[in-house]
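Tertiary structure, described
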Amino acid sequence: MSLQIDTVDERILYYLSQEARHTSAPDIAEKVDVSAPTVRNRIRRLEEAGVIQGYHTDINYQKVGGRLTNHYVCSTGSRDREEMAQRVLDVPGVINIREIMSGKGDLRITVVGTDTDDLTRIAQEITSLGIEIDDEDLIHREYFRPYSPFGPRDEELASPVTGVAGLAGDTDVIEVIVRKEAPIAEKTLQEANEEGLIPSDVLVVRINRDEGTITPTGQTVIKENDFVTIHSRSGVTEETLTTFTGQ
């Protein structure tokens, strides 16, 4: 059975992912309005359940002797993906591996090398394991931010609209939580467009669902509790909001 996560857990995860090193239990307790021992117990529970899997240092390797960080898109073919990932971790210079649920490009490997010759050496060791390198990129910068749906909400925002940011003129970017009674719930975006639920100038640009982020297509089904980011050049109307919130 999966661990039941409530709002307090979400807020704890938000502040830890924002800055784990300099955020203490009393700091979080003050923001979440619970006791520090409660925060410590919650963190221990999240760790034991595997929700919090570790605390990692964000290192700028370029500032350490001018080291280079490279990203490889790789394919394992018919081999066991998990086994191959574990074997790649043993290659000196490999710092991160992601298993992707796809056939082609099912391993994403991040490595650090002292120079281009060292990157070549790492690539050769990866391919010697029988893994094909499909593509590679030299990483310049990397950015992180906490998962916003876990973050604090302004008390005056009683509606499901959780964020509004003007981009230019009347342009709006709105974040809403889809309600069960919403007209768009359980419809694909294509169906919603065909039924006139979404105006032509409104674009759904991102959906946060469960633990992941979805870049939507016409066949994407909008579901209850989806955290949806909407973009409109002419401004989001109350009618459009009702399509997603049912209110």
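Shown above is the structure to which this text applies.
Now for a quick tour of the structure. (Residues numbered from 1 in each chain as written. Predicted model: local features only at pLDDT ≥ 70, side-chain atom pairs only at ≥ 80, totals over all residues. Heavy atoms only, no water.)

Focus on the nonpolar core
Counting 19 residues, the largest nonpolar core has V176, V178, I184, I198, V228, I230 and F244 as its most contacted members. Looking at this core, the elements with two or more residues in it are β6 (172–177), α6 (189–194), β7 (202–209), β9 (227–232) and α7 (238–245). Top element by residues in this core is β7. It accounts for three residues. (Core = buried A, V, L, I, M, F, W, Y, C linked by side-chain atoms within 4.5 Å. Buried < 20%, exposed > 50% of the residue type's maximum accessible area, 1.4 Å probe, protein only. Helix = DSSP H or I, 4+ residues; strand = E, 2+ residues; numbered from the N terminus.)

A short note on the pattern of salt bridges
The final tally for this structure, using the stated rule, is eleven salt bridges. Here E99 makes a salt bridge to R81, at a shortest N to O gap of 3.2 Å. In this pair, E99 is assigned in strand β2 (residues 94–99) and R81 in helix α4 (residues 81–89), connecting sequence segments 18 residues apart. For R81, a relative accessible area of 22% translates into the label partly exposed. One connected set of salt bridges, linked through shared partners, spans D6, D9, R42 and R45. (Salt bridge = Lys/Arg side-chain N within 4 Å of Asp/Glu carboxyl O.)

Concerning α4
Taken together, the buried positions of α4 are M84, A85 and V88. Viewed along the axis of α4, the buried residues span an arc of 105 degrees, placing them on a single side of the element. Residues of α4 that are buried in the fold lie against β2, β3 (107–113) and α5 (116–128). (Arc of directions from axis to C-beta. Contact = heavy atoms within 4.5 Å.)

Let's talk about helix α3 (residues 36–48)
Every α-helical turn comprises 3.6 residues, leaving residues that sit three or four positions apart pointing alike. With 13 residues, α3 ought to run about 18 Å at 1.5 Å a step, and its terminal C-alpha atoms sit 18 Å apart, in line with that. The complete set of buried residues in α3 reads A36, V39, R42, I43 and L46. Burial along α3 is one-sided: seen end-on, the buried residues are contained in an arc of 120 degrees. Elements that come into contact with the buried residues of α3 comprise α1 (7–18) and α2 (25–32). Once α3 finishes, G50 follows within two positions and takes phi at roughly 80 degrees, a positive value. (Expected span 1.5 Å × (residues − 1).)

Concerning the packing of α1 against α2
Two elements in contact, α1 and α2, have axes whose closest approach is 10 Å; the angle formed by their N-to-C orientations is 130 degrees. The angle between α1 and α2 places the two elements in the oblique class. The two elements α1 and α2 meet at a crossing, and its hand is right-handed. Side by side, α1 and α2 meet where V8, R11, I12, Y15 and L16 of the first sit next to I28, K31 and V32 of the second. The class makeup of the residues in the contact of α1 with α2 is six nonpolar, no polar and two charged. (Axes fitted to C-alpha atoms, helices over the stretch in contact; angles between N-to-C directions. Parallel < 35°, antiparallel > 145°, perpendicular 65-115°, else oblique. Left-handed = near helix turned anticlockwise from the far one by under 90°. Nonpolar A, V, L, I, M, F, W, Y, C, P; charged D, E, K, R; others polar.)

Comments concerning the pairing of β3
For β3, a buried count of six out of seven residues is recorded, marking the element as mostly surrounded by other parts of the structure. Bridge count between strand β1 (residues 68–75) and β3: seven bridges; the pairing is antiparallel. When the sheet's bridge partners are listed, V73 is paired in β3 with R108. Here five bridges tie β2 to β3, and the two strands are oriented antiparallel to one another. Residue pairing for β3: R98 is matched across the bridge by R108. (Pairing = 2+ DSSP bridges.)

Remarks on the packing of aromatic side chains
Applying the stated criterion across every chain yields a total of two aromatic pairs. When the centroid spacing of 5.3 Å and the interplanar angle of 85 degrees are considered together, the rings of Y14 and Y15 count as edge-to-face. Here Y14 matches Y15 in class, with each residue buried. (Phe/Tyr/Trp six-rings, centres within 6.5 Å; stacked < 30°, edge-to-face > 60°.)

A look at the sheet that holds strand β4 (residues 132–138)
What the four strands build is an open sheet, ordered β2-β3-β1-β4; its pairing is antiparallel. Every other strand in the sheet has two partners, leaving β2 and β4 as the edge strands with one partner each. With strand direction ignored, the average angle separating the axes of adjacent strands in the sheet is 20 degrees. Of the strands in this sheet, β2 and β3 touch α4, which is tilted by about 170 degrees from β2. Sitting on the sheet, α5 touches β1, β2, β3 and β4, and the angle it makes with β3 is about 145 degrees.

Brief notes about the environment of R121
In this structure, R121 sits in helix α5. Between the C-alpha atom of R121 and that of Y14, which follows or precedes it by 107 residues, the distance is 38 Å. One polar contact links the side chain of R121 to the main-chain carbonyl oxygen of P92, over a distance of 2.8 Å. (Polar contact = N/O pair within 3.5 Å; in protein donor to acceptor, adjacent residues only side chain to side chain.)

Geometric values such as these leave the question of function open.
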